[in-house]
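Observations on the model geometry
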Amino acid sequence: AGICKALPEYVLKLADLFWTYTPKTDKHDFFHRRNDIGQYFDMEDEHLQYFPASSMKTPIYWLLQTDVKLTVDFILSFTNKAIHAYSISKLDATTINEIDIFLPDKTIKQIISVRIWCTYRGTQVMPHILESMHMALEKYFLEIGKYCENNVLEDWLIYLLQNSISASITAVVVSIVMAYPEKTFNVAAILFKTRDLYYFDTVRRQLDRSHINSNDLLGRSFGMNPKNEIFDNERAVANKAEHRVHTLESIFLNYTLFRGGDTTDIVAEERQKILYSILDEYYRKLPEESV
């Protein structure tokens, strides 16, 4: 943590150097054949040194606390590079899709699959570094979200959306919106306009349930590895966060039916109008009924 605070730029440069795959120049290619998930993301083989994934497993969480802008930009750049490599690989070729995110001033494209969307939850097979990076990003914004002014938190979330080609970052944004719905309605309204996000976040919720239950069973059966106890405990606490039970769809419904204590009737009505207009647009795009 001390090095991260004193030399954040150098720590990030080293991280990029050691985490990004470097082609080997040795003529004996046989000895450099890879059989790990990292090869699909243009990342080095982790050799299990970053297992299990956790927000505390890499320097990213402490770097966010030291220089949030510098670290967020690194996360975005590194993730964009990794997900682009994954998208052009043969892995999941039939399940990768491209979606539109409708920002106020422009529409951007993002790459999505179940594997991508669940990166921050660690329920799919992904490079542990990438998972840990996303877990740290979520942890940081969940913590500062308690104290942030609404506009500051929303600005950060929109910044994440508009600078990512990966829906893995959007999944983290959805998590923050679910945790602080009264603070982030303007961001939620952006997310609600992309139909595919409802499906992927519902899948995320289902995978969360099975993953947490299986981890609890394994923990009771075999006990925790003492070397990983700090990381396992961190994930156990994260898994129990109250907003995990929600999905993007349930948050949409909650906005239409309920309002927070600080939300006035006028604001609640304005929100309903926006939500109904989003629904109207979905209905407008439905094919006409056959006669």
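Residues numbered from 1 in each chain as written. Predicted model: local features only at pLDDT ≥ 70, side-chain atom pairs only at ≥ 80, totals over all residues. Heavy atoms only, no water.

**Structural notes on the overall build of the chain**
When its secondary structure is counted, the chain shows 13 helices and two strands. The C-alpha atoms of the chain give a radius of gyration of 20 Å, which matches the 19 Å a tight globule of 291 residues would have. When its C-alpha atoms are laid out on the principal axes, the chain stretches across 65 × 50 × 45 Å. Split into buried and exposed, the 291 residues of the chain put 47% on the buried side. For the chain, long-range pairs separated by at least 24 residues make up 75% of all intrachain contacts whose partners lie at least 6 apart in sequence. Counting every atom, the chain has about 16,100 Å² of accessible surface; 56% of that belongs to carbon and sulfur. Each charge sign in the chain was given a centre, from 32 positive and 39 negative side chains, and these centres are 4 Å apart. (Helix = DSSP H or I, 4+ residues; strand = E, 2+ residues; numbered from the N terminus. Rg over C-alpha atoms; globule rule 2.2 N^0.38 Å. Buried < 20%, exposed > 50% of the residue type's maximum accessible area, 1.4 Å probe, protein only. Contact = heavy atoms within 4.5 Å. Areas by Shrake-Rupley, 256 points an atom, 1.4 Å probe, with all protein chains shown as cover. Lys, Arg positive; Asp, Glu negative; His and termini not counted. Charge placed at Lys NZ, Arg CZ, Asp CG, Glu CD.)

**Regarding the pairing of strand E1 (residues 97-102)**
Bridge count between E1 and strand E2 (residues 107-112): six bridges; the pairing is antiparallel. Of the residues in E2, the one forming a bridge with Ile101 is Ile108. Following E1, the chain reverses through four residues before pairing antiparallel with E2. (Pairing = 2+ DSSP bridges.)

**What to know about the pattern of salt bridges**
Any two side chains of opposite charge can pair, given that their charged atoms come close. If you walk through the whole model with that rule in mind, you get 14 salt bridges. We note a salt bridge from Lys81 to Asp16, for which the minimum N-O separation is 2.9 Å. Of the two residues, Lys81 sits in helix H4 (residues 68-88) while Asp16 sits in helix H2 (residues 8-19), which places them 65 residues apart along the sequence. By relative accessible area, which is 29% here, Asp16 ends up partly exposed. Among the charged side chains, a salt-bridge network with shared partners connects Arg121, Asp201, Arg204 and Asp208. (Salt bridge = Lys/Arg side-chain N within 4 Å of Asp/Glu carboxyl O.)

**With respect to unusual backbone geometry**
Residues Phe51 and Pro52 are joined by a peptide bond in cis, for which omega reads -5°. Positionally, Pro52 belongs in the loop between H2 and helix H3 (60-66). Within the chain, Asp42 stands out as a residue other than glycine whose phi angle is a positive 60°. Along the polypeptide, Asp42 turns up in the loop between H2 and H3. On the basis of relative accessible area, Asp42 is assigned to the partly exposed category, the value being 31%. Even without being glycine, Asp92 reaches a positive phi, approximately 60°. Note on placement: Asp92 falls in the loop between H4 and E1.

**Thoughts on the packing of aromatic side chains**
The full count for this structure, using the stated rule, is 15 aromatic pairs. Aromatic pair Trp19 and Phe78: ring centres 6.0 Å apart, planes at 80°, arrangement edge-to-face. Here Phe78 lies in helix H4 and Trp19 lies in helix H2, a separation of 59 residues in the sequence. Trp19 sits in the buried class, given a relative accessible area of 5%. On the basis of relative accessible area, Phe78 is assigned to the buried category, the value being 2%. Clustering of aromatic rings is evident, with ring pairs tying together Phe185, Phe192, Tyr198, Phe252, Tyr255 and Tyr282. Looking at Lys139, its charged tip hangs above the ring of Tyr61, at a distance of 5.3 Å from the centre. One residue, Lys183, lies across the ring of Tyr180, its end atom 5.9 Å from the ring centre. (Phe/Tyr/Trp six-rings, centres within 6.5 Å; stacked < 30°, edge-to-face > 60°. Lys NZ or Arg CZ within 6 Å of the ring centre and 35° of its normal.)

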